[in-house]
Amino acid sequence: MIFFVRQDQTAGWGAVLGVLTAAAGLLLSQLERFLGPRGGGDSSPRSEADALLRVADQLAVAVREQWEEEVDLRKLNDPWPLDVGWTKEEELTDPLYALPAVRPGDARAARADVPLDGDLARVADFFGSLPGGRLVILGPLGSGKSVLALTLLLDLLERRVPGQPVPVLIPLNRWDPGEIPLNEWLADQLATSYQLGSPRHRDARELARRLLHDNLILPILDGLDELAEPTRPQAIADVNGWLGRDRQIVLTSRPNEYRAAVLAGDAVTRGAAVVLQPLGRERVERYLRETTARLRVHHWDPVFAEMRANPEGPVASALRTPLMVALARAIYGDQPGDAAALLQPRLATAELVEEHLLGELIRAVYPDKRRDLQDDIQVWLTFLARNLSGRDQPDIAWWHLEAAAPAAVVHAPAAVVGACVVGFVFGPVAALVFAVAVLLLAGGRRTERWSVEGVLKGPMNAWLRGLKKSGTRGWLLVPLIGLDDRTPLERRLALGLGRVVGMGAGLVQGFVVYQTGGLYRAVAEGVGLGLAVGLADGYLTISTRSEPSEVRFASRRGVTAFARHVAIGCVTGVGVGVTAWAISSSWFGVLVGILVGLAFGVIDGLNIWLDVSTDVTLALSPRSTRRAERLAALARSVTLVTTIGVTTGIAYTFAYGVRAAVLPAAIFGLGYALADHLMGLTTSVWGRYVVAKAWLALLGRLPWQFMNFLDDTHRRGLLRRAGAVYQFRHVRFQEYLLTRHN
């Protein structure tokens, strides 16, 4: 229309129209966040509250199923729980613990008479009697703090009615109070341990924040003593700041560590502190007798006789904690060992008896394995204790396995495949330079700080914090620029910059070729060079994924989102093409713009299609997160190989014919599917895990069936499951591996 109406001003008006169209396409995806609905159906406050209560009820079911399975694996109720008792820790109990929460306008409540002693069988009644609902459980290593917290959790879930808070057990050793506030950290832990889902809230972390805000979560924080010593007072201060007037909490710690933190700061506000008591000899003797087969129970007689004759001796002193009693049962009660080995002269102290029990544990839990295989298992567990776990990082997460292998090995597949793409366009020298650069730079957290995303992260976070506090301006801009997205803004900006660089390089190359080679050849060469540059600069603009991801397929809403993003991509591509046409007076830019815009639209649309929240809440496990990450990696790579391969094939077919288009389509399609820094299969969390696992298995550090080994070790009681990660069930056993098998 511009051409026929104002032929003398066609170029100028075309450029303006192209820029406006491209800008509109780029902004459409952001405007839909601001103008579009958050979810389907009624959005009234009552409906929102009902949806949140439904999620809380689903979470309660998931938590109960998760920890009931763990109780069965630990044999905590076989044949009956090893009961522990507690008494009040006077100096560490807040004097206001017996006062209920006082609301504004109420008369001052009377202090309740709450005795702070009890035992495992009545722990839920005891907790319910506390007016403030805040309990600090103290005890030395192996005294049963975690078991008591777990028993309390299951008892509370059994009594829970809809609308009440859901108790959730969260290991506290994952938290750094200096890095993240408690409420944000709790939201992260809920989102990473449970598949929170609701059609109204696409982001699991946002859903977790709502649950915490509406007081639908009762955190049971296990292990204050496992935080770094300087951070413990700050941790208690953050807990008190989050509790407010009427929130409940349970906290466990070793006594000395909690005492030191209180001396340096404050105690838990209105918190009742209790300390676990050592097990009595009669209780230990009864438990070991009843958990041992009758034909072998006489093996305990000399041990019990020694404990009666010498109540302060090494055996009696060692068997005062539930941990050591459980080890003794596993080694000499469940297996045909001779318990009289505990009376050897060389075991002259309680510490030596404990070392002996720890050293015999692997043999006891793997009686069906040969001695050489037991030695291999000890090597593998020692490797886990040293490289995937430790005093500062207790979690054994499968996605951390790559940190135990050389970075050059982990990223070698991506370097080789990416070099093929770069070499196809720029030649062998450029391919070699690219491969060396990837092996030297990729995957290192230090080097990734210098990527565009890493450089933008600090300033973006500071600006966003100020924006969210800026009232009306922040309320308008936050949804407009998509701050509630799971993808950080700095990553989206860096990704956009990489696409612009790749598209710009392709346009320049195409314009150069167009002068002598014709339109179709210019399009093909421009697309090829742009894709090669885009693949290469991805390693400089964005960082690799560090956490497992997931995709979830939803047909009806997914189709709508897919179509919308394809349309947005086409609009953006047309705008870029019209602008290029107006500047160069050639149709080359229009074709390139449509092809590239369509490709990006299909990629974005498929990713949105495969990422729609469902109305279900499940407890995550190591296997479920690995399975979800593998599916996500495969879905992304299939998206890339299809889109990039077809786009490249079309461009090269018009330029050189069908036969000549097969090779570049395969190289670019497979190259992006395998080596793209954001969506490639070998650069995904799962892909890097597979490479690292194979390398470590070749060296004998880990078994080839790594996940089967973790599952088996968990079933045999050496590991415990905490959401999507494993941990050593006994910290003492982990420390034993680190010190005795270095």
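In this text the structure is predicted, and so the values were computed from the model without any measurement.

Student: What exactly am I supposed to notice about the overall build of the protein chain here?
Tutor: In terms of regular secondary structure, the protein chain is built from 31 helices and eleven strands. When each of the 742 residues of the protein chain is scored for burial, the buried share is 51%. Summing over all exposed atoms, the protein chain offers an accessible surface of approximately 33,700 Å²; the carbon and sulfur share of this is 60%.

Student: Quick question: what am I supposed to make of the sheet that holds strand E3 (residues 134-138) here?
Tutor: Strand pairing within a sheet occurs via backbone hydrogen bonds; the two strands may be parallel or antiparallel. Spatially, seven strands are ordered E2-E1-E8-E3-E7-E6-E4 in an open sheet, and the strand pairing comes out mixed. Every interior strand has two partners, whereas the edge strands, strand E2 (118-119) and strand E4 (166-171), have only one. Across three bridges, strand E1 (residues 85-88) lies against strand E8 (residues 272-276) in antiparallel orientation. From the neighbouring strand, Thr87 faces E8, where its bridge partner is Val275. Sheet contacts for helix H9 (residues 255-264): E3, strand E7 (249-253) and E8; angle to E7, the most-contacted strand, approximately 115 degrees.

Student: Which parts of the structure should I look at to understand the packing of helix H27 (residues 622-656) against helix H30 (residues 706-715)?
Tutor: Two measures define how a pair of helices packs: the angle their axes make with one another and the distance between the axes. Viewed as axis vectors pointing N to C, H27 and H30 meet at an angle of 160 degrees, and their least axial separation amounts to 11 Å. Our classification of the angle between H27 and H30 gives roughly antiparallel. Judged by residue contacts, Pro622, Arg623 and Arg626 of H27 engage Met707, Asn708 and Asp711 from H30. Across the contact of H27 with H30, the residue classes break down as two nonpolar, one polar and three charged.

Student: Can you help me understand the environment of Lys145 in this one?
Tutor: By the secondary structure assignment, Lys145 is in helix H5 (residues 145-159). We classify Lys145 as buried; its relative accessible area is 10%. Distance in space between the C-alpha atoms of Lys145 and Thr252 is 6.5 Å, their sequence separation being 107 residues.

Student: So what exactly am I meant to see when it comes to the packing of H27 against helix H29 (residues 685-698) here?
Tutor: Across the interface, H27 lies against H29 with an axial gap of 8 Å and an inter-helix angle of 110 degrees. In terms of axis orientation, H27 runs roughly perpendicular to H29. Residue-level contacts link Arg626, Glu629 and Arg630 of H27 to Val685, Trp686 and Tyr689 of H29. Its residues placed into classes, the contact of H27 with H29 shows three nonpolar, no polar and three charged.

Student: Any chance you could explain the pairing of strand E11 (residues 725-728) here in plain terms?
Tutor: Within a regular strand, the side chains alternate between the two sheet faces. Of the two faces of E11, the one carrying Val725 and Gln727 and the one carrying Tyr726 and Phe728 are both buried. Relative to E11, strand E10 (residues 719-722) is paired through four bridges, and the arrangement is antiparallel. Bridge assignment links Leu719 to a residue of E11, and that residue is Phe728. Following E10, the chain reverses through two residues before pairing antiparallel with E11; Gly723 in that reversal takes a positive phi of roughly 70 degrees.

Student: Looking at this model, I keep getting lost on unusual backbone geometry. Mind explaining?
Tutor: Most peptide bonds adopt trans geometry, and most residues besides glycine take a negative phi value. Backbone geometry at Asn215 places phi at a positive 60 degrees, although glycine is not the residue there. Residue position: Asn215 is located in the loop between helix H7 (204-213) and strand E6 (217-222). Relative accessible area serves as the criterion here: at 23%, Asn215 is assigned to the partly exposed category. Unlike most non-glycine residues, Arg270 shows phi in positive territory, near 55 degrees. Structurally, Arg270 can be placed in the loop between H9 and E8.

Student: Just checking my understanding: could you explain helix H8 (residues 232-243) for this structure?
Tutor: In an α-helix, one full turn covers 3.6 residues, which means residues spaced three or four apart are oriented alike. If you check H8, its first and last C-alpha atoms are 17 Å apart, about what twelve residues at 1.5 Å a residue would give, namely 16 Å. Counting buried residues along H8, nine of its twelve residues qualify, which places the element largely inside the surrounding structure. For H8, the complete set of buried residues consists of Arg232, Pro233, Ala235, Ile236, Asp238, Val239, Asn240, Trp242 and Leu243. In this structure, the buried side of H8 is in contact with E3, helix H6 (182-193), H7, E6, E7 and H9. Immediately beyond the C-terminal end of H8, within one or two residues, lies Gly244, with a positive phi of roughly 65 degrees.

Student: Please clarify how the packing of aromatic side chains should be interpreted in this entry.
Tutor: Geometrically, a pair of aromatic rings is defined through the distance of the ring centres and the angle of the planes. Applying the stated rule across the entire model yields 13 aromatic pairs. Ring centres 5.8 Å apart and planes at 15 degrees place the aromatic pair Trp300 and Phe304 in the stacked group. Per residue, the accessibility class of Trp300 equals that of Phe304, and both read buried. With centroids separated by 6.4 Å and ring planes inclined at 90 degrees, the aromatic side chains of Trp300 and Tyr332 adopt a geometry described as edge-to-face. One end of the pair, Trp300, is in the loop between helix H10 (281-290) and helix H11 (301-309); the other, Tyr332, is in helix H13 (residues 322-333), and 32 residues separate them in sequence. One exposure class covers both Trp300 and Tyr332, and it is buried. Taken together, the ring pairs connect Trp398, Trp399, Tyr689 and Phe706 into an aromatic cluster.

Student: Quick question: what am I supposed to make of the pattern of salt bridges here?
Tutor: A complete count under the given rule lists 28 salt bridges for this structure. A salt bridge links Glu282 to Arg281; the nearest nitrogen and oxygen atoms lie 3.2 Å apart. Given the relative accessible area of 53%, Glu282 is considered exposed. Classification of Arg281 as partly exposed rests on a relative accessible area of 28%.

Student: Explanation requested: the side chain of Asp395 in the structure shown.
Tutor: Within the element layout of this structure, Asp395 appears in the loop between helix H16 (371-388) and helix H17 (407-410). Side chain to side chain, Asp395 and Gln727 meet in a polar contact 2.7 Å long.

Student: Can you help me understand the environment of Ala267 in this one?
Tutor: Looking at the secondary structure, you find Ala267 in the loop between H9 and E8. A C-alpha to C-alpha distance of 9.8 Å links Ala267 and Val239, two positions 28 residues apart in sequence. In this structure Ala267 touches Leu92, Ile236, Asn240, Tyr258 and Val262, once residues within four positions along its chain are discounted.

Student: Mind showing me how you'd approach the pairing of E7 here?
Tutor: Most of E7 sits out of view: five of its five residues are buried. On E7, burial covers both faces: Ile249, Leu251 and Ser253 on one face and Val250 and Thr252 on the other are all buried. Two strands pair when backbone bridges link them, and E3 and E7 are joined in this way by five bridges, in the parallel orientation. What sits directly across from Val136, in E7, is Leu251. When E6 meets E7, the two strands line up parallel, connected through three bridges.

Analysis parameters
Residues numbered from 1 in each chain as written. Predicted model: local features only at pLDDT ≥ 70, side-chain atom pairs only at ≥ 80, totals over all residues. Heavy atoms only, no water. Helix = DSSP H or I, 4+ residues; strand = E, 2+ residues; numbered from the N terminus. Buried < 20%, exposed > 50% of the residue type's maximum accessible area, 1.4 Å probe, protein only. Areas by Shrake-Rupley, 256 points an atom, 1.4 Å probe, with all protein chains shown as cover. Pairing = 2+ DSSP bridges. Contact = heavy atoms within 4.5 Å. Axes fitted to C-alpha atoms, helices over the stretch in contact; angles between N-to-C directions. Parallel < 35°, antiparallel > 145°, perpendicular 65-115°, else oblique. Nonpolar A, V, L, I, M, F, W, Y, C, P; charged D, E, K, R; others polar. Expected span 1.5 Å × (residues − 1). Phe/Tyr/Trp six-rings, centres within 6.5 Å; stacked < 30°, edge-to-face > 60°. Salt bridge = Lys/Arg side-chain N within 4 Å of Asp/Glu carboxyl O. Polar contact = N/O pair within 3.5 Å; in protein donor to acceptor, adjacent residues only side chain to side chain.

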